[in-house]
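Per-entry structural report
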Amino acid sequence: MVLLKHEENGSIECLYESSNVLGSKYVKNEKKLAVIFKSGTQYVYNDVTYEEYRKFELSESQGKILNSIVKGHKYEKSPNVVDVTPMVEQINNIKETLK
């Protein structure tokens, strides 16, 4: 479930309430979807259509859509682990305000 969404200059960034996915960034004109997992691992999936991205974004389970649709695309694993602390703090703050 999307907790926070920001669109700017042809890209869409989201934070999620998910068991495994923290956030994503979709770049429309490049058809690239970057996904950051709770472990700090980041993958960039190529040739993801906007329709596929929307299914991912709007799904109740980003993991299910990732496994069924997005993982069929070529991808690159980032060699660096992302420090997820600021994202986790932001997600927790959003969840607190929703209570």
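First, a word on scope: everything that follows refers to the structure included in this document.

Conventions used here
- Each chain has its residues counted from 1, following the order in which its sequence is written.
- For this predicted model, a pLDDT threshold of at least 70 governs which residues receive local features, and a threshold of 80 or more governs which side-chain atom pairs are given and counted, while totals over whole chains, interfaces and linings are taken from all residues.
- To obtain the side-chain values, all non-hydrogen atoms of the structure were used and water was disregarded.
- Relative accessible area decides the class of each residue, using a 1.4 Å probe on protein chains only: under 20% of the type maximum gives buried, over 50% gives exposed, and in between gives partly exposed.
- Secondary structure counts use DSSP, requiring at least four H or I residues in a row for a helix and at least two E residues in a row for a strand, with both numbered from the N terminus.
- One bridge is not enough; two strands pair if DSSP finds at least two bridges between them.
- For this analysis, a salt bridge means a side-chain nitrogen from Lys or Arg found within 4 Å of a carboxyl oxygen belonging to Asp or Glu.
- Inter-axis angles, ranging from 0 to 180 degrees, are taken between N-to-C directions of lines fitted to C-alpha atoms, where helices are fitted over the stretch in contact.
- Contacts between residues were defined by any pair of non-hydrogen atoms, one from each residue, lying within 4.5 Å.

Turning next to the pairing of strand β4 (residues 32-37). Extensive coverage of β4 is indicated by the burial of five of its six residues. Direction of pairing for strand β3 (residues 21-27) relative to β4: antiparallel, over a ladder of six bridges. Paired with V21 across the bridge in β4 is F37. The hairpin formed by β4 and strand β5 (residues 42-45) contains four residues between the paired strands, and G40 there has a positive phi angle of roughly 95°.

According to the stated counting rule, one finds six salt bridges in the structure shown. A salt bridge links E7 to K5; its shortest N-O distance comes to 3.6 Å. With a relative accessible area of 35%, K5 lands in the partly exposed category. Between K5 and E57 there is a salt bridge, with its nearest N and O atoms 2.9 Å apart. Remark: E57 occurs in helix α1 (residues 50-58) and K5 occurs in strand β1 (residues 2-8); sequence separation between them is 52 residues. The exposure class of E57 is buried, given its relative accessible area of 3%. A cluster of three or more residues bridged by salt bridges with shared partners is formed by K5, E7, K28, R54 and E57.

We now examine the environment of G72. As for its position among the elements, G72 is in the loop between α2 (62-68) and β6 (75-77). A residue is classified by how much of its surface remains accessible, and G72, at 74% relative accessible area, is exposed. It is 18 Å that separates the C-alpha atoms of G72 and F37, two residues lying 35 residues apart in sequence.

Our focus in this paragraph is the sheet that holds β5. Think of a sheet as strands paired side by side through backbone hydrogen bonds, with each pair either parallel or antiparallel. Here we have six strands laid out as an open sheet, ordered β1-β2-β3-β4-β5-β6, and antiparallel in their pairing. Across the chains shown, the open sheet's two edge strands, defined by having one partner strand only, are β1 and β6. Neighbour-to-neighbour, the strand axes of this sheet turn through a mean angle of 15°, independent of strand direction. Of the strand pairs in this sheet, strand β2 (residues 11-16) and β3 are connected by five bridges, and their pairing is antiparallel. Its bridge partner being in β3, L15 is matched across the sheet by G23. Packing against the sheet, α1 makes contact with β1, β2, β3 and β4, and its axis sits at approximately 20° to β2.

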